[in-house]
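# Summary of the model geometry
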Amino acid sequence: MKRTVLLWILAFLITALTAYYQRVTGPTYPLSGKTAINGAEVKYKLERSHVTSSDAPVTVAVPDSSFSGVLKWKRYKTSDSWTNVPMEYKSGNLTASLPRQPAAGKLEYRVLLENSSQTALLPMGQNVVIRFKGDVPIFILIPHVIAMFGAMMLSTRTGLEFFNKTPNLKRLTIWTLGFLFVGGMILGPLTQLYAFNALWTGYPFGTDLTDNKTLIALLGWIAAAFAIFRSKRPKISALIAAVVLLIVYMIPHSMFGSELDYNKIDKQKNRIETSQGKVSLNP
């Protein structure tokens, strides 16, 4: 009993650390840093994800009203010119907004700070990319998060049965597969549908690593289940499947995810406008 409890605690800790690492290394996690301008330190936290239902505020805390700023933005992966938006100072913050975009639309932006003729670019050496997503209903999002976290913990716990003399693999494997299937193959696509208007953007339809790694993890556990229910040495299969799931889940969340192609949209818009112009000229 004592060993079982310790294995559950270990599984929880491994899962929590993996989930935390995956979250903070992902491309939608806020970009934080600091810079010095005119002898004053300015810390910033720039958002990289926002909902489609509103403009995205960009806020930088500054020491006093002697600081001014300009928010510079353009659509991601386009030849658009930069749009410059003066930032407003209020209660210790410089604030401006990025215009809301359709689901999976991305903008790249940066902030130019100025104080007594000295300037600083936030962040230095790169632009921030923010992706817009639709609102996901709580009754889908919360069960999805719980199911995926549960699948990770159950997978890890099942793999740790390798160190038990009398492993209880079959029941744990069924629970792992159940949580992984419901969380990753039912609630996951529904979450993506609300957020980005697409049920599945992994193989063979796209390159979304979140979808692809879920598929790999599920296939790994299906293969392990066959071995666990038929093999004379099932523990090694469970351990391998658990390690595979942890490895693929170490990949940052939302890598190569849904992305709106503005150039394609612009071409379609131009074709429609050209077609409408021809119709009006030749009734």
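Note that this is a predicted model, so its numbers are computed, not measured. (Residues numbered from 1 in each chain as written. Predicted model: local features only at pLDDT ≥ 70, side-chain atom pairs only at ≥ 80, totals over all residues. Heavy atoms only, no water.)

### Some points on the overall build of the chain
What counts is decided by this rule: A run of H or I in DSSP becomes a helix once it reaches four residues, and a run of E becomes a strand once it reaches two; helices and strands are each numbered from the N terminus. The reference for a compact globule is 2.2 Å times residues^0.38; the radius of gyration itself is calculated from the C-alpha atoms. Type-normalised accessible area, obtained with a 1.4 Å probe on protein chains alone, sets the label of each residue: buried when under 20%, exposed when over 50%, and partly exposed for intermediate values. We call two residues in contact whenever any of their non-hydrogen atoms come within 4.5 Å of each other.
Counting secondary structure elements, the chain contains six helices and 11 strands. For the chain, whose C-alpha radius of gyration is 24 Å, the value lies well above the compact-globule estimate of 19 Å for 283 residues. With respect to the three principal axes, the spread of C-alpha positions in the chain is 70 × 65 × 30 Å. In the chain, which comprises 283 residues, the share counted as buried stands at 41%. A separation of at least 24 residues holds for 69% of the contacts in the chain among residues at least 6 apart in sequence.

### Topic: a nonpolar patch on the surface
To keep things clear, this is the line we draw: Think of a patch as exposed residues, more than 30% relative accessible area, with no salt bridge, where like charges cluster within 9 Å and nonpolar side chains (Val, Leu, Ile, Met, Phe, Trp, Tyr) cluster within 5 Å. All accessible areas in this document rest on Shrake-Rupley with a 1.4 Å probe, and a residue is counted as covered only by the protein chains that are shown. In what follows, salt bridge is the name for a side-chain nitrogen of Lys or Arg lying within 4 Å of a carboxyl oxygen of Asp or Glu.
A cluster of nonpolar side chains, namely F181, V182, I186, L190, L193 and L199, defines an oily patch on the protein surface of about 460 Å² accessible area. Along the chain, the position of L193 falls in helix α3 (residues 169-196). Residue class for L193 comes out partly exposed when judged on its relative accessible area of 35%.

### Some thoughts on the side chain of N212
Structurally, N212 is set in helix α4 (residues 209-230). Contact partners of N212, with chain neighbours within four places excluded, come to G202, Y203, G206 and T207.

### Regarding helix α1 (residues 2-24)
Going by this rule: Here the expected span of a helix is defined as 1.5 Å times the quantity of residues minus one.
Between the first and last C-alpha of α1 there are 33 Å, a value that for 23 residues agrees with the 33 Å anticipated at 1.5 Å per step. Among the residues making up α1, those that are buried are L7, A11, T15, T18 and Q22. Against α2 (138-159), α4 and α5 (235-249) lie the buried residues of α1.

### Here's the deal with the packing of α4 against α5
Any two packed helices are characterised by the angle at which their axes cross and by the distance between the axes. As a reminder, the rule being used: Every angle, taken between N-to-C directions, lies between 0 and 180 degrees, and every axis is a line fitted to C-alpha atoms, over only the stretch in contact when it is a helix. Put simply, angles under 35 degrees are roughly parallel, angles over 145 are roughly antiparallel, angles from 65 to 115 are roughly perpendicular, and the rest are oblique. In the scheme used here, Gly and all other residues not listed as nonpolar or charged are polar, with Ala, Val, Leu, Ile, Met, Phe, Trp, Tyr, Cys and Pro taken as nonpolar and Asp, Glu, Lys and Arg as charged.
At their nearest, the axes of α4 and α5 sit 9 Å apart, and the two run at 175 degrees to each other. The orientation of α4 with respect to α5, classified from their angle, is roughly antiparallel. For the pair α4 and α5, contact is made by K213, T214, I216, A217, G220, W221, A224, A227 and I228 and by S237, A238, A241, A242, V244, L245, V248 and Y249, respectively. Of the residues in the contact of α4 with α5, the class split is 13 nonpolar, three polar and one charged.

### Re the packing of α2 against α3
In plain terms, the rule: For any helix crossing, the convention is left-handed if the near helix is rotated counterclockwise from the far helix by under a right angle, and right-handed if that rotation is clockwise.
Interhelical geometry of α2 versus α3 gives an angle of 150 degrees and a closest axis separation of 8 Å. Taken together, the axis directions place α2 and α3 in an arrangement best described as roughly antiparallel. Viewed along their axes, α2 and α3 form a crossing whose handedness is left-handed. Of the residues assigned to the contact of α2 with α3, the class counts are 15 nonpolar, 10 polar and one charged.

### A few points about the packing of aromatic side chains
As a reminder of what qualifies: Each aromatic pair joins two rings of Phe, Tyr and Trp (for Trp, the six-membered one) with centres within 6.5 Å, and gets the label stacked for planes under 30 degrees apart, edge-to-face for over 60, and tilted for any other angle. Sitting over a ring, as applied to charges here, requires NZ of Lys or CZ of Arg to be within 6 Å of the ring centre and within 35 degrees of the ring normal.
Scanning all chains against the criterion turns up three aromatic pairs. Here the aromatic rings of F12 and F149 are separated by 6.1 Å at their centres, their planes lie at 70 degrees, and the arrangement is edge-to-face. Note that F12 is positioned in helix α1 and F149 in helix α2, a separation of 137 residues in sequence. Ring centres of W175 and F179 lie 6.0 Å apart, and the angle between their planes is 45 degrees; on these two criteria the pair is classed as tilted. Remark: F179 and W175 occur in helix α3; sequence separation between them is four residues, near one turn of the helix. The ring of W82 has R110 lying over it, and the distance from NZ or CZ to the ring centre is 4.1 Å.

### Digging into the nonpolar core
Threshold: Side-chain atoms within 4.5 Å are what join buried Ala, Val, Leu, Ile, Met, Phe, Trp, Tyr and Cys residues into a set we call a nonpolar core.
Counting residues in each nonpolar core, the largest one holds 27 residues, and the members touching the most others are V58, V60, L71, L98, Y109, V111 and L113. Those elements that provide at least two residues to this core are β1 (31-37), β2 (40-46), β4 (56-61), β5 (68-75), β8 (93-98), β9 (106-115), β10 (118-122) and β11 (128-133). The next biggest cluster of nonpolar side chains, apart from the first, holds 16 residues, and it includes A151, L169, L180 and V248.

### Comments concerning the confidence of the model for the chain
Condition: Confidence of the predictor at the level of single residues is captured by pLDDT, which takes values from 0 to 100.
Averaged over all residues, the pLDDT of the chain equals 91, while 96% of them reach at least 70. The low-confidence segment residues 279-283 (pLDDT under 50) makes zero contacts with residues lying over four places distant or belonging to another chain.

### Points about the pairing of β9
So the rule is basically this: Here, a strand pair is defined by DSSP locating no fewer than two bridges between the strands.
With respect to burial, β9 is a largely interior element, eight of its 10 residues being buried. Pairing analysis gives eight bridges linking β5 to β9, with the strands arranged antiparallel. Each bridged residue has a counterpart across the sheet, and for W73 the counterpart in β9 is Y109. As paired strands, β9 and β11 are joined by four bridges and run antiparallel to one another. For L107, the partnering residue across the bridge sits in β11 and is I130. Relative to β10, β9 runs antiparallel, the two being bridged by five bridges. If you follow V111 over to β10, its bridge partner there is L122. Hairpin remark: β9 followed by β10, antiparallel, with two residues in the connecting loop; positive phi at S116, about 50 degrees.

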